[in-house]
Amino acid sequence: MWRRLYLTFPNSYQARQASDELEHEGVKREQMHAMSKEGGNLEGLPPSNSEQQHDRVWFYEQLYWYGNLALFAAALLGFVVALFTDAVGWAFFAAAIMLATFVGGNYFASNVPHAHLNEMTEPMQHGEVVLMVDLPAEQVATVDHAVGRRHPESGGHVVGWTMPGLGI
């Protein structure tokens, strides 16, 4: 799972400068996605696809979270039924599923960053350009620091997650 760094720039010129610098430093153009308000100038910037524009990451995050809760609830119900019917093996199986969903949910809630595109709607409404940069987790701090140092006018600087293989 990669991280998505959300950066805002006052205009497309400054966003283009930053994307050119990132590309020069080894960030591939396919790892960058620009967005702005309807009719905004994104000429020369890497485009975002429909999945990125509609923040499908949020959909998958909700799907995982609610699916995990539903599985926990079903296992809890199975655990209670197994206890009432003296099916000890099924009770242990249900308890193991409950433990696995708890551990998975806890990991997701505490270790995966949860910034999303909807946090960038206000800057976009003011005509700013949002540049989403998809990076391996270990590169995020370096890139974020470099952009902040070279472009003090940039904002955002929040981190979410993405799966480039899914095109989100």
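Just so it is clear, the structure is predicted and the values come from calculations on it, not from any experiment.

What am I meant to see in the layout of surface pockets here?
Where empty space is left in the structure can be found by rolling a water-sized probe over the atoms. One number sums up the size of the largest pocket: a volume of about 170 Å³. What lines the largest pocket is simply Ala34, Met35, Ser36, Lys37, Glu38, Leu42, Leu45, Pro46, Pro47, Ser48 and Gln53. The residue inventory of the lining of the largest pocket, partitioned by class, reads six nonpolar, three polar and two charged.

Help me understand the pattern of salt bridges in this model?
Once the charged atoms of two side chains with opposite charge are near each other, the side chains can pair. The tally for this structure, following the rule as stated, stands at five salt bridges. Between aspartate 134 and arginine 4 there is a salt bridge, with the nearest N and O atoms lying 2.7 Å from each other. With aspartate 134 in strand 3 (residues 129-135) and arginine 4 in strand 1 (residues 2-9), this pair connects stretches of sequence that are 130 residues apart. Across the pair, exposure class does not vary: aspartate 134 and arginine 4 are buried alike. Note that glutamate 25 is salt-bridged to arginine 150, the shortest N-O span being 2.2 Å. In this pair, glutamate 25 is assigned in the loop between helix 1 (12-24) and strand 2 (32-35) and arginine 150 in helix 6 (residues 140-150), connecting sequence segments 125 residues apart. Judged by its relative accessible area of 41%, glutamate 25 falls in the partly exposed class. The partly exposed category is assigned to arginine 150, whose relative accessible area is 38%. Each member of the salt-bridge network shares a partner with another, and the members are Glu21, Glu25 and Arg150.

Is there a simple way to think about the side chain of histidine 33 in this case?
The residue histidine 33 is located in strand 2 in this model. By relative accessible area, histidine 33 is classed as buried at 5%. Looking at histidine 33, its side chain comes within polar contact range of the side chain of glutamine 52, at 3.3 Å. Here the side chain of histidine 33 touches aspartate 134 through a polar contact of 2.8 Å, side chain to side chain. Residue contacts for histidine 33: discarding those within four places in its chain leaves Arg4, Pro46, Pro47, Ser48, Gln52, Val130, Leu131, Met132 and Asp134.

Sorry, what's going on with the packing of aromatic side chains here?
Two descriptors summarise a pair of aromatic rings, namely the distance from one centre to the other and the angle between the planes of the rings. Counting across every chain of the model gives four aromatic pairs. On the basis of an interplanar angle of 70 degrees and a centroid distance of 5.4 Å, the ring pair of phenylalanine 59 and tyrosine 60 is categorised as edge-to-face. Centre to centre, the rings of tryptophan 90 and phenylalanine 93 are 5.8 Å apart; their planes meet at 85 degrees, and the pair counts as edge-to-face. With tryptophan 90 and phenylalanine 93 both in helix 4 (residues 88-111), this residue pair falls three residues apart, about one helical turn. Here the aromatic cluster, defined as three or more aromatic residues joined through ring pairs, consists of Tyr64, Phe108 and Trp161.

The rules we used
Residues numbered from 1 in each chain as written. Predicted model: local features only at pLDDT ≥ 70, side-chain atom pairs only at ≥ 80, totals over all residues. Heavy atoms only, no water. 1 Å grid on protein atoms, 1.4 Å probe; cavity = no way out; pocket = protein on both sides within 12 Å on 5 of 7 lines; lining within 4 Å. Points joined across faces, edges and corners; volume = space filled by probe spheres on them. Nonpolar A, V, L, I, M, F, W, Y, C, P; charged D, E, K, R; others polar. Salt bridge = Lys/Arg side-chain N within 4 Å of Asp/Glu carboxyl O. Helix = DSSP H or I, 4+ residues; strand = E, 2+ residues; numbered from the N terminus. Buried < 20%, exposed > 50% of the residue type's maximum accessible area, 1.4 Å probe, protein only. Polar contact = N/O pair within 3.5 Å; in protein donor to acceptor, adjacent residues only side chain to side chain. Contact = heavy atoms within 4.5 Å. Phe/Tyr/Trp six-rings, centres within 6.5 Å; stacked < 30°, edge-to-face > 60°.

Don't take any of this as a statement about function, it's just geometry.
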